[in-house]
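# Report on the structure
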Amino acid sequence: MSKKNLKASLEKIEEIINSAFEFLERLNLPILIDDNGIQPVPAISAVSATTSIPPQVVIGRDKDCAKIIAMFHENKDVVNTNNDLCYTVIGIHGIGGSGKSTLAQLVCDREKKNKQEKRNGHFELIMWVHVSQSFTVSAILEEIFEAATRSSCPQLNNLNTLHDKLADVLYGKRFLLVLDDIWYNSEDDRKREELQRILSPLKAGRAGSKILVTSRTKGALSVLGAAEPRCIPISDLDGNVFLDLLMHYALEGTNIDDCTRRRLKAIGTDIAKKLNASPLVARIVGGRLGRRPNAEFWSSVKKGKLLDGTISAALLWNYHHLDQQARRCFAYCSIFPRRHRLYRDELVNLWVAEGFVRSTNEGEEMEDVAQGYFDELASTSFVQPGGMDYSDKEYYVVHDLLHDLAEKVSGSDCFRIENGSRWIIDLWRGKNPGGEGWKGDIPQDVRYLFVQNYDEDLIIEKILLLKNLRTLIIYAVRGFVQVKEEVIDSIFKKLPKLRVLAIALSRERHALVNKPDVLSLPESIIQLRHLRYLAFRTSTRCRVILPSTLTKLFRIHLLDFGQCEKTEFVGGDLINLRHLFSCPKVNRSISNISRLTSLQTVPFFTVRKEHGYEISQLRDLNKLHGKLCINGLENVKSKAEALEANLAAKEQLTILMLDWESNSEWDDATDCNPEVQAEVLEGLCPPVGLQTLEICHYNGSWYPNWMVGKQNGGPWYLKELWFDGCSQLRSAPVLEAFVHLGSLRAWNCSWDALPGNMEHLASLKKLEIYKCLNILSLPALPQSLEEFKLVECNGEFMESCQKVGHPNWKKIEHIPMKRWRFV
């Protein structure tokens, strides 16, 4: 067969396969075989991915940690004689996977604890910034600013201004800054200049400041100013210590008898000798051994040859023990840059859209299966907890060596373009980004593509030629760059096989579509008939106009409009839509969603006096989970109408907000009398498993039985209850139903007293009262309380709570943590 005929035949086969999968999806049947004709086994996590970062267990690094901390505290008030600098640079260097970052984390953690225990520790600011191989000066300075202020960096288009802002923040403060994972090539003069430019605003700090740097090369430490005695090579772990580390990762928390434990440790001694004393490999291999804690499996690992030789071989061995679909999901992570922040839910939604998820159980949600894949990757350390971002959301990272492995196993399927430097340099020089664009080659058979920055020429000249492309993620649209509708139209027409299209898919403040003010998506979106995932994350200044043809893309799983305030969405025929993300103002324009029974995420819904906006639109959306905010409840006129929402059936909801003030231009709340509000709240009984309930601007005549009476089908397991702007001039409701309540907050409420039965809320840990000016005394409070916060309330009341011997003071005397803020 000629190449031409072969190509035509393969394309025809591919089209048939795609059509078959679409047919199966429409039938909603479980897929019983994988791509190789083998029945897959669903990934079951032995250790679930954590929702908070636990204290890190570090074995064998105490001496190194003590040595570095001693360097921190020597001559703390003496200015560095090297150019009169206020800081000293200390460096840790060693090969990848040897524990440099872990040692730096241990040092940083101990300094933080020292600061907390002494209340005024050695360092006023402790900051951690990851640098990695590809970085820009502005991005690092922004991260330092955010680490110092614990808030977002203001949007600045001038590097000098950013420099001055950071210098102001650091001025006169003794700081510890960790610059983790610096990459440096001695022949790269530009990189040397950029590294030194990062240090410039740090000169504003106070004498005794320290910069702790980790790098694979000693040269990087010298460039940043670390003297020879302060360049610390990471030490190899002693054989016995390394064995303890391996056994910790393998058997910590495993329920086995002492005899089996001793036998496994004997086998583990031989396995440890094959791992090149690499803490990373101990963590990875230990996690795999821990999933099968039996002598037969451990002996087979000991005898096998895959662990012999290099660190890469050991990592590859562990990769081959992953579930088949989990391997695909891990390889997919290679499209993201090194140490990119990965959020579990975002990855899960991408994997589902890509078609990586296979389930043999009828009725099992694809997201649940995908979370099983994620949990397997997390429990075996292929993805590792990275920390919490500034919105307190947990993120994960892939270690550099594992990122290398992901690139290797993904082949040419995955590709990324990190085209950030040119834009930054042009902007720093005060120019509009232009000149030569990214000139590398893109594999023509690439399926999944990540582009760091939007570049019109790159899209037109290279990306539109990728006929097999399934995924296009353009992470950021920066500065002066304008997204043109004709470019979007070309993407729709030239890349018809796309399953994922995301523009400005980023959590960074500068990664938002700023222009044009109106972005009208072309009708040609109908060409993307395979599309599952569409994201245009925009700034609030941009309005996205959706085409009518969007409602014909019935395979869409996810829509994300970011912070756009003016998009109007009509659910229509998008019967497979599972997730809808947008800001609250967009959700005031969400209508006709009653048929979208697959919806799992719609954070906000506003009730209006128009067809398609009734509260009954929520009746059959019983797969909703996570958070749901219902605004505009002043437009619900009876208990029977409220019951149409069927909230009690939405068993996977964990957070619910009920708001009687929509602040919209469409409706008027003045005709909603207190009796009607009370009836409506009675009909909005939440599901039993709800964790957090917030009631806003409620002015009802009474509180519902499911709240104040004995438990009668309401949220029995409620942990947090918040009242905001409730204007009844009477006592707060008696909370007999919520025996598990752990946190109670009242904000700007007109109550004249708190609930009278609070002494019996035996699980209550936190009580917060904000701007409640009519409360003058406290009831008896439970002994379980650990935190009490009083903010901008009646002055006499606040003073009485602090006056020793006063009845109000006696009622809070037992609470360990008390906080006050006067007007």
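Just so it is clear, the model here is predicted, and its values are computed rather than measured. Per chain, the residues get numbers from 1 upward, laid out in the order the sequence is written. Whole-chain, interface and lining totals are the exception, using all residues; otherwise, since this is a predicted model, local features are given only for residues with pLDDT of at least 70 and side-chain atom pairs are given and counted only at 80 or more. Side-chain measures here rest on the full set of heavy atoms in the structure, leaving out hydrogens and waters.

## Things to note about the packing of helix α8 (residues 239–251) against helix α10 (residues 279–291)
- Between N-to-C directions, angles cover 0 to 180 degrees, with each direction set by a line fitted to C-alpha atoms, over the stretch in contact for helices. In DSSP terms, a helix is any run of H or I states spanning at least four residues, a strand is any run of E spanning at least two, and both are numbered starting from the N terminus. The interhelical angle for the contact between α8 and α10, taken along N-to-C directions, is 40°, at an axis separation of 7 Å. By the angle between their directions, the pair α8 and α10 is classed as oblique. Considering the relative orientation of α8 and α10, their crossing is right-handed. Together, Phe 242, Leu 245, Leu 246, Tyr 249 and Ala 250 of α8 and Pro 279, Ala 282, Arg 283, Gly 286, Gly 287, Leu 289 and Gly 290 of α10 make up the contact between the two elements.
- Along the lines of polarity and charge, the residues of the contact of α8 with α10 split into eight nonpolar, three polar and one charged. Relative orientations are named as follows: roughly parallel for angles under 35 degrees, roughly antiparallel for angles over 145 degrees, roughly perpendicular for angles from 65 to 115 degrees, and oblique for any other angle. Left-handed describes a crossing in which the near helix is turned anticlockwise from the far one by less than a right angle; the clockwise case is right-handed. We call two residues contacting when some pair of their heavy atoms lies within 4.5 Å. For this classification, the nonpolar set comprises Ala, Val, Leu, Ile, Met, Phe, Trp, Tyr, Cys and Pro, the charged set comprises Asp, Glu, Lys and Arg, and every other residue, Gly included, is treated as polar.

## Observations concerning the sheet that holds strand β26 (residues 787–791)
- Here a strand pair is declared whenever DSSP counts at least two bridges between the two strands. Pairing is parallel across the open sheet formed by nine strands, whose spatial order is β19-β20-β21-β22-β23-β24-β25-β26-β27. With partners counted over all chains shown, the strands left at the sheet margins are β19 (604–606) and β27 (817–821), one partner each. Each adjacent strand pair in this sheet contributes to an overall mean axis angle of 10°, direction not counted.
- Here strand β20 (residues 625–631) pairs with strand β21 (residues 652–659) via six bridges, running parallel. The residue of β21 that forms the bridge with Lys 627 is Ile 655.
- Along the sheet, helix α24 (residues 795–802) makes contact with β26 and β27, crossing β27 at roughly 150°.

## With respect to the pattern of salt bridges
- We count a salt bridge whenever a side-chain nitrogen from Lys or Arg sits within 4 Å of a carboxyl oxygen from Asp or Glu. This model, assessed by the stated rule, comprises 28 salt bridges.
- Between Lys 484 and Glu 456 there is a salt bridge, and its shortest N-O distance comes to 3.6 Å. Of this pair, Lys 484 sits in the loop between β10 (471–476) and α19 (485–494) while Glu 456 is found in helix α18 (residues 456–461), placing the two residues 28 residues apart along the sequence.
- Residues joined by salt bridges that share partners form a network here, namely Arg 216, Arg 338, Arg 339, Asp 400 and Asp 404.

## Concerning unusual backbone geometry
- Located in the positive-phi region is Lys 771, a residue other than glycine, with phi close to 55°.
- Residue Lys 771 is classed as partly exposed on the basis of its relative accessible area, which comes to 35%.
- You will see that Glu 792, though not glycine, has its phi angle at about 50°, which is positive. Accessibility here uses a 1.4 Å probe with only protein chains present; expressed as a share of the type maximum, an area under 20% marks a residue as buried, one over 50% as exposed, and anything in between as partly exposed.

## With respect to the confidence of the model for the protein chain
- Per-chain confidence: the protein chain averages 82 in pLDDT, with 83% of residues scoring 70 or above.
- One confidence number per residue, pLDDT, is output by the predictor and ranges from 0 to 100. Taken element by element, the protein chain is modelled with least confidence in helix α17 (residues 421–428), mean pLDDT 45, and with most confidence in strand β25 (residues 766–770), mean pLDDT 96.
- Considering only residues more than four positions removed or in separate chains, one finds that residues 24–55, a stretch of pLDDT under 50, has 51 contacts.

## What to know about the packing of aromatic side chains
- Between 30 and 60 degrees the pair is tilted, below 30 it is stacked and above 60 it is edge-to-face, where a pair is any two Phe, Tyr or Trp rings, Trp via its six-membered ring, whose centres lie within 6.5 Å. Here the structure, examined in full by the defined rule, presents 18 aromatic pairs.
- Centroid distance Tyr 332 to Phe 336: 6.4 Å. Interplanar angle 80°. Geometry classified as edge-to-face.
- Looking at Tyr 332, the relative accessible area reads 1%, which means it is buried.
- The exposure class of Phe 336 is buried, given its relative accessible area of 6%.
- Each ring, one from Phe 788 and one from Trp 820, has its centre 6.0 Å from the other, and the planes form 70°; the classification is edge-to-face. Placement of Phe 788 in strand β26 and of Trp 820 in strand β27 is noted, with a sequence separation of 32 residues between them.
- With a relative accessible area of 0%, Phe 788 lands in the buried category.
- Taken together, the aromatic side chains of Tyr 332, Phe 336, Phe 356, Tyr 448, Phe 450 and Tyr 475 make up a single cluster linked through ring pairs.
- The rule for a charge over a ring is simple: NZ of Lys or CZ of Arg within 6 Å of the ring centre, and within 35 degrees of the ring normal. Across the ring face of Tyr 319, the terminal group of Arg 327 is positioned such that the distance to the ring centre comes to 6.0 Å.
- The lysine or arginine in question, Arg 608, covers the ring of Tyr 613, its NZ or CZ lying 4.0 Å from the ring centre.

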